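The lines below spell out each chain.
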Amino acid sequence: MKSTEFKGAINSTGNTTVNVGEGSTWTLTGDSTVSPLTVTGNIEYGDYSITVNGQKYDSSNPFKG
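Residues numbered from 1 in each chain as written. Predicted model: local features only at pLDDT ≥ 70, side-chain atom pairs only at ≥ 80, totals over all residues. Heavy atoms only, no water.

**Some remarks on the pairing of strand β3 (residues 25-28)**
Working step 1: Judged by which residues are buried, β3 turns out to be one-sided: Trp26 and Leu28 face inward and are buried, whereas Thr25 and Thr27, on the alternate face, are not.
Working step 2: Judged from the four bridges that link them, strand β1 (residues 5-8) and β3 form a sheet pairing that is parallel. Within the sheet, the bridge partner assigned to Phe6 lies in β3 and is Trp26.
Working step 3: Strand direction decides the pairing type here: β3 and strand β6 (residues 42-44), joined by three bridges, are parallel. Pairing of Trp26 across the sheet is with Ile43, part of β6. (Buried < 20%, exposed > 50% of the residue type's maximum accessible area, 1.4 Å probe, protein only. Helix = DSSP H or I, 4+ residues; strand = E, 2+ residues; numbered from the N terminus. Pairing = 2+ DSSP bridges.)

**Topic: the sheet that holds β3**
Working step 1: Reading across from one edge, β1-β3-β6 is the order of the three strands in this open sheet, with parallel pairing throughout. The open sheet has two free edges, formed respectively by β1 and β6, since each of these has just one partner strand. Sheet twist, expressed as the average angle between the axes of neighbouring strands with direction ignored, equals 15°. (Axes fitted to C-alpha atoms, helices over the stretch in contact; angles between N-to-C directions.)

Structural data, given as structure tokens:
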């Protein structure tokens, strides 16, 4: 995603590549699981979390990378 807004949750049991590009925002509407994840934009966690390669991230421990 580049210069876009996405509201939703992604739950993958395999490889699902997500790239939140510069100027883009992913607003979580539920807990999500992705692999791999690249973020140069913004993730709005709210009360939800993202699990990437078995590691959990949320607003108090945001994903960087």
